[in-house]
Structures are given as C-alpha cells and as structure tokens.
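A look at the structure
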Amino acid sequence: MDLIKAKEALKKYFGYEQFRPMQAEVIQAVYDKKDVVVLMPTGGGKSICFQIPAVTLPGTCIVISPLIALMKDQVEGLKSNGIAAAYMNSSLDTIEARAIENDLMRQKIDLLYVSPEKAVSSDFSTLLKNIQVNMIAIDEAHCISAWGHDFRPEYTQLKFLRQQFSQIPIIALTATADKLTRKDIEQQLAFKNPERFIASFDRPNLSLSIRPARGRLDAILQFIRTRPNQSGIIYCLSRKSTEDLATKLNRNGIKAAFYHAGLSNTMRSDVQEDFINDNVPIICATIAFGMGIDKSNVRWVIHYNLPKNIESYYQEIGRAGRDGAKADTLLFYSYNDVRILRDILNGNESVNNDVQLAKLERMQQYADSLICRRKILLNYFSENTEGNCGNCDICKNPPQHFDGTVVSQKALSAIYRTKEKIGIQLLIDILRGSKRKEIIERKYHLIKTYGIGAEYSALDWQQFLQQMINLGLIEIAYDNYNILKLTPGAHEVLFKKRKVNLVRMTSILERRSQQKAKPQPKTQRERLRDELFEQLRQLRKQIAQKKGIPPYLIFSDASLEEMAARRPTSAEDFLDISGVGQKKLYDFGKLFMKKIEQYIISKSNSGVKIKGSTYLITYNLYKEGISPEDIAVKRGIHSSTIYSHLIHLYEKGEDINIEQYISKRDLNSIKELYKKNSKITPKEIFDYNEGNLEYYMIRIGLSILKKGKLYS
Ligand code: ADP
Ligand code: ZN
C-alpha cells in the first residue's frame, strides 16, 4: 500500500486535499506494519492516522476507545463520509450485536470501535479469531498508564492483543502524555521497536487573550454579542457560579445552560445533547464538561476563573476550534482566584502539594506575562518557537515601556498611608477616587493619596500593580485576605529615588471604545459572506435535525465558511471545498448548492453586484429551455455575451448542450485548423476565415475540441 492511495482516500472520503503534519508519516509506518505511538494535540487530526489505513487496507481496523458516549458520534461521522464503521459496547442489544458480528464476518466493516471492557472479554476474543484484523488503534492511550491523569485498569489488560496478533501493527494515540506515560504505554502494550511521532502542540487557529477579572460579566456580554450564533463554553471554578452566570446571561437575553457534576445524569446528558446539536449555543460549566465531546464547531472558550495549571488550561481551550477554523479563547484573571486555588491545594493532603503549587505559580506567571503568550505555552510543553505568534493579546497589543516611578510611588504611598491593610481592588478604588461605601466608612477618602491616580483606568492600575508585584515591590499576603504589603524594594522607591520601569498596554477596553467611536464597517464582501454563512448554517441544522445527528457531522464550520466565501454552484467546485468528499457531495451537494444559487440570484435581483450571478441567471434561463437569443433579449445584453456564459458553464462541466449552436461544417473547419496547431488562437481562426465565422462560434468550436481532447 502506498501514500498515493492514502491521499486519494483522504480526498474521496474526507474531502481533504493535504495531510496535516505527521499524518502521512504515521500512515506510512502503519503500512510498514510498525507499532506506532502518536502524540498530537486535541484537534490535531489523530483519527485520520488510523482511519486512512483502515479504509485502504483489506480487513478491519479495531479501535479501542474509552469514551462510549463518543463512539456513536465517531461512527456516525465515518458513515456520513461513506465509510463502513460500527461500534460494540454495553449499550447494544443482542440483535444489534449479532448484526454487526455478521457484517464483520463478511468483511463488510472497515472500522470497529470497541470499549476496553469489550475488547478484553472472552467472547470478543473468539470473534476476533474469525475476522481479518488489519490493525489495532488504541485511542486515548494515556489511560493505560497509572502515571496519567485518566487511568483505566481495563487498559492494562490490552497487552494480550500484542500476543494474539503478533503480526499486525498497533497504533496508540493520545493528546496528553509526558515522557513517563509514553514509556508506560509502550511497555504495557509490549511494543517492539515502536516508531514515535510527536507533533507540535501549537494550535495557531486559537487566539489567546487574558483580562483582569474585574467587570468580567460586562466583558463577557460584549464578547458574546459580537459573536452571534457561535457555540462557546465558559469554564467556572464552582458549581454555583456556573448556575449564577447562566442565569445572568439568560437575563441579558443570551441563551445559555449550565453543567456540573452535581446534576443528575439525565440533566447532564440533556445539556450535552443540546450543545452538540446547536440547540443551546453556550454552556457555563465546571471542568467536568467537555471530556466526552467531539463537537468540532466550538468557536470560543472563556475561563471565568484562573485554571489550576497550564495543562488543564491548554486542554480546556483546546476544545475550541477543532475544525481548524479561527476560534477565540479568553481568560479572566484575579488574585482572588489564585488565593482560592491555593486554599484548595493546601486543604488537600492527598496530592503532591509542592508540585501542584509550583504548577499554579506557572499558570499565574503565564497570566502575568508581558511576552507572546503562545511562546510561553509552547515553552512549557518543551517546544521552542522562533518569533511571536501574532494571535495573542500581547502580540496584537504590544506593551509600551515608560518611566513608572511616579505611578509606582502613588500606589505604594497609598498602601503605606492605609497602613498595609487593603487589597488590590480597594487600593485601585482609592487611587481613582471612588466614593463607594467602604471607602467612606473607613475614612480612606481623607488620606492624601485619595484620587491621585484618577487619570488611569482601573484596568491600567491592575496591570501596573501586577507588574509591581512581579518586580518585588509589593507582596500579597495570601494567608491574610490578600492584603498588600510593602517590601524593602518599595521603601527604595518611596524614599530612596529608585526608578521603576513599567509598561502600559493600551488596554483592550480602550481599544474597544475607540473602535466603537468609529466602527470598522464590514466590507460588502464580508457582509455577503456572513449572511450566506448564516443561511447555510441554518440549512445544516435543519438537515441535522431530520437525520438526528449533530450539525457538525454534516459539514464543519470550516467547510461552511469556505462555501460562503467561494459560493460553489457546480459539483466540481463543490468538491473543491475542504471537507467535501464523494459521499457528502452526493448526500448534501444539491441542497447546499441550491441554497447558494438562491442566495446569489436573490442578491443579484435586489441590485447587489455579486460574483457568479450573471452565469447563474443565464444558466437558469437556459434550463427553462429559452434560446440564447431570447435570453439576450430578456436580460438586455448582447447574445455573444450569453454564448460566452454558456461556453464558460460548459467548460466548467455543467450540463450544456453546446454542440447544438454550431453546425457540423463550421466545427469541421475549425477542427482542421486546430489539428494542425492546437495552440491556434480565436483571432487567427477569425482572420483565416476572413471574418465569416463569428468569434463566439469559434470559441464554441475550440471549447468542444479541447474537451474532446481531454477525454480522448
Ligand atoms: P483529534 O482526534 O486529534 O482531536 P480529529 O482527528 O478529530 O482530531 O481531527 C480534528 C479535525 O481536523 C476534524 O474535523 C478532522 O476532520 C480535521 N482534519 C483531520 N485531518 C485533516 C486534514 N488532513 N485536512 C483537513 N482537516 C483535517
Ligand atoms: Zn503571541
């Protein structure tokens, strides 16, 4: 088996033009019958690594996957691409299981998904003896390791597969595995000289942003309102805050539900289904949400609270943009969260606290950082990158350095004068001259530094104070209500003329309000694209509902976006859209192209100049049986233009009987010349005929001859 076949299958079944990094190499290794370990980030495209060998090799690929809830979706997804797939787990009844067994014996199934329990059962082992297995894929392979975070004891029994099938390749795939876990996977599965593939963990389509937690509800409302109809997840630290936040969003007219481990099983699966099926676009959830979800069109992830470490953070934001289309992530950061997380860790004796606390500190450093966020993340996963990413808040809004001595003195002096008894929020309010009750009651409005920092926004102050903490001028007493304490460094600034260098980030808020002042109007092109996208999205939803499968299994957002931008109206152009394979063209092509056609024509009828409309209008009149001359009259354009439309459509493979417009004699005379010189131009033919043959006729002739050549 070779990679050319693999690439053909990628196009035919999945509608993709190219392999992603490492996919081709992994597939080659499987063809070479090697054992393989694949480490790729969520959304990296692990499945293709075994699905392509499975459809190109004779026999059946056994896929072991621990997430029963996901199996159905995965199998539906494969079927919708025209691939014979099935699953076996405890949810099947005997009749269903029998039917699948029959199909397996008759070699009618390319991929069989099984739960680990099923895989190690004795009846399955008997079944395996009677079918031709071409490879075994072990998904979420980190479950095999007691070192990993998701240990499944049944996984450790999978070793028998290596013994039973000593000749076929086994491929183990995971998105989360450190060196130790990786070694464990190889040992547990008794791999012989495995090939290891470790892909980059970068997810360039995810934007990264961090904002102070203050005022986050408003920020979230604004964020959601600029992204209508998009699916997103908001992760909260506590069960209660998921409920509160969902309620607040609902009150503001935004459809959202909540999800946490305290809900009943039915409620949880209802919420999950609603999310997957695009019935409820937004879920406020604890981190329990997302594990069993393969939804590829999650367009954003917000962290309402600081995650406890970078691994969790990266896994959670990784649930956005699996389809590879642009997706946004936003993290709200407050010292209060750091305190709460510390308290949780300190109260939990069973975990290795020092390690966890150190991880929390790394998370905090990430949030505080003033250099490209992606650099820090990738560094954390031991990947070095050159250059900045251009898709994080720091890159988009680079910090500006300035002499922050006076600014620092103002803040430090306020801490000093309040006798080191206040936290960050109160300090900011004092500096900005807030009249809130606590300030008046504690008489802080009477101190000398009250209101001396009003020229900066609260967000600016938050950022300045963060930097002063990082510079060691202020300490936070985590054990004492997070109040701020002055360090010896602070005394140097206050009394010994020490200079302080700070950076000012033009705050995202400020930028937003500037944008509001002069809103960037969408271009006509963007408006048309967004409008059509929305119509296609609704069509997708209708079809999904009818078929009882999630919308993203019909087409990904990425495919819809491409359709909306390129507006394909012929089978050939439609197949060119990434994610459209043969089966999907056959099943859905007509419906989607019709919608696109209707859109183009209705726009053009209402006077909007839209590319492709003129051909479409001609084509539709042609299909009604109207002659080119009459179409010309109807449309008020010259008939030679109509002929050129028809030639264009004909060349694009549309069903146009172009031969009827040219006589045998004329075609033959063009053919004579063409045979002598296939590069002959219309002008040369025109001149040769001394103007007796019209240009459009010559073009028709050449078009027919060229096509003929193509097919002969
Ligand atoms: P993982 O299992 O690693 O999280 P998936 O296998 O689910 O990732 O793939 C993520 C998304 O990327 C899917 O929508 C998949 O169809 C798409 N994808 C995979 N390979 C390619 C490719 N070569 N070209 C375009 N899209 C791809
Ligand atoms: Zn960056």
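Model, not experiment: these values are computed from the prediction.

Surrounding ligand 1, one finds 14 residues, the nearest of these being Y16, Q18, G43, K46 and S47. For ligand 1, a nitrogen atom lies 2.8 Å from a polar atom in the backbone of Q18. Within the backbone of G44, an N or O atom sits 3.4 Å from an oxygen atom of ligand 1. Relative to its unbound accessible area of 570 Å², ligand 1 is 82% covered by the protein chains. Ranked by residues supplied to the shell around ligand 1, first place goes to helix α3 (residues 46-56) with three residues. Considering only residue class, the shell around ligand 1 consists of four nonpolar, seven polar and three charged.

This next bit is on the coordination of the zinc ion (ligand 2). Within the first shell, the zinc ion (ligand 2) binds the protein through C372 (SG), C389 (SG), C392 (SG) and C395 (SG), at distances of 2.3 to 2.4 Å. Overall, the relative accessible area of 0% leaves C392 in the buried class.

Here we come to the nonpolar core. If you look at the biggest cluster of nonpolar residues, it comprises 133 residues, and the most contacted ones within it are M563 and F592. The leading source of residues in this core is helix α27 (residues 582-605), at eight residues. Core analysis: the second largest hydrophobic core is formed by 70 residues, A6, Y13, I170 and I185 among them.

So, on to the side chain of R540. Relative to the elements of secondary structure, R540 occurs in helix α24 (residues 524-547). Residue classification places R540 among the buried residues on the basis of a relative accessible area of 1%. Setting aside anything within four residues of it in sequence, one finds R540 in contact with D278, N297, P551, Y552, I554, F555, S556, D557, L560 and F592.

In total, this model carries two cavities of 30 Å³ or more according to the counting rule given. Estimates place the volume of the second largest cavity at around 30 Å³. Surrounding the second largest cavity, D202, R203, L206, L208, Y314, I317, R374 and L377 form its lining. Broken down by secondary-structure element, the contributors of at least two residues to the lining of the second largest cavity are β8 (206-212), α13 (310-317) and α16 (373-380).

Time to look at the pattern of salt bridges. Summed over all chains, the structure comprises 38 salt bridges. For E101, the salt bridge identified is with R98, shortest N-O distance 3.4 Å. Of this pair, E101 and R98 both sit in helix α5 (residues 94-105), separated by three residues, roughly a single helical turn. Note that D460 and R504 form a salt bridge whose closest N and O atoms lie 2.9 Å from each other. With D460 in helix α21 (residues 458-470) and R504 in strand β17 (residues 501-504), this residue pair connects regions lying 44 residues apart in the sequence. Each of D278, K295, R299, D323, R540 and D557 takes part in salt bridges that share partners, so that together they form one network.

Moving on: the packing of helix α14 (residues 335-347) against helix α15 (residues 353-368). Between α14 and α15, the shortest axis-to-axis distance is 10 Å and the interhelical angle comes to 170°. Judged on the interaxial angle alone, α15 and α14 are roughly antiparallel. The segment α14 lies against α15, with Y335, V338, L341, R342, L345 and N346 engaging N353, Q356, L357, L360, E361, Q364 and D368. Here the contact of α14 with α15 is built from residues that sort into six nonpolar, four polar and three charged.

With that settled, consider the domain arrangement of the protein chain. Segmenting the protein chain into domains produces domain 1 (4-198), domain 2 (206-396), domain 3 (401-503) and domain 4 (657-712). Taking only C-alpha atoms, the centre of domain 2 and the centre of domain 3 are 29 Å apart. The interface is formed by 11 residues belonging to domain 2 together with 14 residues belonging to domain 3. Among the residues domain 2 hides against domain 3, the three largest losses belong to P212, R214 and Y335. Together they make up 54% of the total. Linking domain 2 to domain 3 there are one salt bridge. Measuring nitrogen to oxygen at the nearest pair gives 2.9 Å for the salt bridge that ties D429 to R214.

Negative phi is the rule for most residues except glycine; trans is the rule for most peptide bonds. A positive phi angle, near 50°, is found at E140, a position not held by glycine. Of note, E140 is situated in the loop between β5 (133-138) and α8 (159-164). Given a relative accessible area of 24%, E140 falls into the partly exposed group.

Attention now moves to helix α2 (residues 23-31). Buried residues dominate α2, accounting for seven of its nine residues. Within α2 the residues assigned to the buried category are Q23, A24, V26, I27, A29, V30 and Y31. One or two positions beyond α2, positive phi appears at K33, with a value near 65°.

On to the pairing of strand β2 (residues 60-64), then. In terms of residue burial, β2 counts as a mostly covered element, since five of its five residues are buried. Covered by surrounding structure in β2 are T60, I62 and I64 together with C61 and V63, the residues of both alternating faces.

Sheets are built from strands that pair by backbone hydrogen bonding, the pairs being arranged parallel or antiparallel. With parallel pairing, six strands are arranged side by side in an open sheet as β8-β13-β12-β9-β11-β10. Edge positions in the sheet fall to β8 and β10 (256-259), since each has one partner strand and no second. Averaged over all pairs of adjacent strands, the angle between strand axes in this sheet comes to 20°, irrespective of strand direction. The pairing of β8 with strand β13 (residues 327-333) spans seven bridges and is classified as parallel. Each residue of the ladder has a partner; that of S209, found in β13, is L330. Helix α12 (residues 265-276) contacts β9 (231-235), β10, β11 (282-285) and β12 (298-303) of the sheet and is inclined by roughly 140° relative to β10.

Where helix α10 (residues 216-225) contacts helix α11 (residues 239-251), the two axes come as close as 11 Å, and the packing angle between them is 55°. In this view, α10 runs oblique relative to α11, as classed from their interaxial angle. Crossing handedness for the pair α10 and α11: right-handed. Taking contact as the criterion, the partners of L217, I220, L221 and I224 in α10 are, on α11, L245, K248 and L249. In terms of residue class, the contact of α10 with α11 is built from six nonpolar, no polar and one charged.

Each value, and the rule that gives it
- Residues numbered from 1 in each chain as written.
- Chains lettered and ligands numbered in written order.
- Predicted model: local features only at pLDDT ≥ 70, side-chain atom pairs only at ≥ 80, totals over all residues.
- Heavy atoms only, no water.
- Near = heavy atom within 4 Å.
- Polar contact = N/O pair within 3.5 Å; in protein donor to acceptor, adjacent residues only side chain to side chain.
- Areas by Shrake-Rupley, 256 points an atom, 1.4 Å probe, with all protein chains shown as cover.
- Helix = DSSP H or I, 4+ residues; strand = E, 2+ residues; numbered from the N terminus.
- Nonpolar A, V, L, I, M, F, W, Y, C, P; charged D, E, K, R; others polar.
- Donors = N, O, S within 2.8 Å, 3.2 Å for Na, K, Ca; no water.
- Buried < 20%, exposed > 50% of the residue type's maximum accessible area, 1.4 Å probe, protein only.
- Core = buried A, V, L, I, M, F, W, Y, C linked by side-chain atoms within 4.5 Å.
- Contact = heavy atoms within 4.5 Å.
- 1 Å grid on protein atoms, 1.4 Å probe; cavity = no way out; pocket = protein on both sides within 12 Å on 5 of 7 lines; lining within 4 Å.
- Points joined across faces, edges and corners; volume = space filled by probe spheres on them.
- Salt bridge = Lys/Arg side-chain N within 4 Å of Asp/Glu carboxyl O.
- Axes fitted to C-alpha atoms, helices over the stretch in contact; angles between N-to-C directions.
- Parallel < 35°, antiparallel > 145°, perpendicular 65-115°, else oblique.
- Domains from an automatic or database assignment.
- Buried area = accessible area lost by both parts, 1.4 Å probe.
- Pairing = 2+ DSSP bridges.
- Left-handed = near helix turned anticlockwise from the far one by under 90°.

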